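Next come the chains, spelled out residue by residue.
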Amino acid sequence: MAQKFRSCANEFCDSVSKISDAQYLIRKMRYEQALENEVNLRKNFRVAAEVIRIPVVVHVIHNQINGQIAGSNIPDEQIYSQIKVLNEDYRKKVGTLGFNTNPVGADTEIEFFLASIDPSGNPTSGIKRVYSPRASFNIVNDNDRLAMSNLSYWDSNKYLNMWVAPLSSGYIGYGEFPYSESVEGLDIDSDERTDGVFIDYTTFGRKSGTNQSGIYSFGRTVTHEVGHWMGLYHTWGDERCGTDYVSDTPVATTSNSSAFCRDVFSNCTGTRTRNMIENYMDYSPDSCMNIFTEGQKQRMRAALDLSKRRKRVLNYAKFQLPPSTSLQVNFENPLPLTNPQFQILLPDFQDFTIVIRDIFGRIVYNQSYVDLPSTVITLPKGNIIPGVYILSVTSNQQLIQKKLVFY
Ligand SMILES: [Zn+2]
């Protein structure tokens, strides 16, 4: 496949809006005013930053008619790697590619986890797979984004929806802005059904699975699009020497749309300044990127508060956490052997072991799981017969034992 250069669809959609809707700029200005007020308010009242955790559902829209893990039906591991990249980048984690030593580099104190409860209240892995015979989707077309949502969608008042599919027209991602329903006149921009991010399956996750090669193989496409989802603009403001409404990202003539990480300079203000090409909101190759600034952090956190829908997502997250601080095991007792499922809740990616013994102490199931987040485990059908058992789950020297009845 020909190398795609980063072309995030937000820029295109923004320019379409400007042409097709005369009121667009006025509404954008109103939103910016409201956001600026919110940022200043938070500064004045010294709102303490607490860690925000955002529940994510990943909708994998794939072309495998028999559901096998191949092609655009990307493996779980690729999805897990993406969640890890998000947390490394947004938390500026030491010892990862998301770390930087820039004085304005921020730990945004925003984290992401795969949802553990689905919209009906049932345990979930946070991953939905759905078959579509379509070869690809064009994300700059509103109808195509809606078509993806119609295949699979969870309430955007509760989750950050991530749609992963084969995308056409060279676009690798799109993120919906957090238009604020609380700001008069802005509500018509928001479409709940398509609120989330849309990512090409070849640029989702860290170098693994279908994301084997190329300059967008570190998972930063999602870091970038989620930045839009939390109200960030491109560093060059989508026009020559434009503004991103953030004071500590240098004004730039244009994007770094090259395949390189070498320095680029602008002269927008009469002084030659170095572009912050390592900013996640530029178009640089993934390997160059490692920074959100303090200003971007303040803007994102204010946007999460200002948008009613984003605020609802944060509030809902508090009810459905894990972030369990410790190991938890949930299941229905008795458990049908036709579909024996356990939910394992963990604080982070961890190893764990499941052992099932019968009443004579004989082991009937023993399996180790490596580096997984909170998830739902389905036991393989086979040698277990109806009866009473003891379930032991061990993780990080923590042990949970429970009586288990199969029928
Ligand atoms: Zn973008």
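This report concerns the structure included in the present document. (Residues numbered from 1 in each chain as written. Predicted model: local features only at pLDDT ≥ 70, side-chain atom pairs only at ≥ 80, totals over all residues.)

1. Some words on the overall build of the chain
Move 1: The number of helices and strands found in the chain is seven helices and 15 strands.
Move 2: For the chain, buried positions account for 41% of its 407 residues.
Move 3: Partitioning the contacts of the chain with sequence separation of at least 6, the portion at a separation of at least 24 is 69%. (Helix = DSSP H or I, 4+ residues; strand = E, 2+ residues; numbered from the N terminus. Buried ≥ 20, exposed ≤ 12 C-beta atoms within 10 Å, placed from the backbone. Contact = placed C-beta atoms within 7 Å.)

2. A few points about the sheet that holds strand 12 (residues 363-372)
Move 1: With antiparallel pairing, four strands are arranged side by side in an open sheet as 12-11-14-15. The sheet is open, and its two edges are formed by strand 12 and strand 15 (398-406), each paired on a single side. This sheet shows a mean twist of 15° between the axes of neighbouring strands, independent of strand direction.
Move 2: Sheet analysis places strand 11 (residues 350-358) next to strand 12, joined by seven bridges and oriented antiparallel. Residue Arg 357 lies in a different strand from strand 12, and its bridge partner there is Ile 363. (Pairing = 2+ DSSP bridges. Axes fitted to C-alpha atoms, helices over the stretch in contact; angles between N-to-C directions.)

3. A few points about the nonpolar core
Move 1: Counting residues in each nonpolar core, the largest one holds 72 residues, and the members touching the most others are Val 56, Met 162 and Val 164.
Move 2: Of the residues forming this core, the biggest block, seven residues, is contributed by strand 1 (residues 52-62).
Move 3: Residues contacting Val 164, with those up to four places away along its chain left out, are Val 58, His 59, Val 60, Ile 61, Ile 74, Ile 199, Tyr 201 and Phe 204. (Core = buried A, V, L, I, M, F, W, Y, C linked by C-beta atoms within 7 Å.)

4. Regarding the sheet that holds strand 9 (residues 328-330)
Move 1: Pairing is antiparallel across the open sheet formed by three strands, whose spatial order is 9-10-13. The two strands at the open ends of the sheet, each matched to only one other strand, are strand 9 and strand 13 (375-378). Strand-to-strand twist in this sheet, taken as the mean axis angle between neighbours without regard to direction, amounts to 25°.

5. Digging into unusual backbone geometry
Move 1: Going from Asn 333 to Pro 334, the amide bond is cis rather than trans, its omega being 0°.
Move 2: Along the chain, the position of Pro 334 falls in the loop between strand 9 and strand 10 (341-345).
Move 3: The phi torsion at Lys 92 lies on the positive side, around 50°, for a residue other than glycine.
Move 4: For Lys 92, the location among the structural elements is in the loop between helix 3 (76-90) and strand 2 (110-114).
Move 5: Although it is not a glycine, Gln 397 adopts a positive phi angle of roughly 65°.

That's the geometry; what it means functionally is another story.
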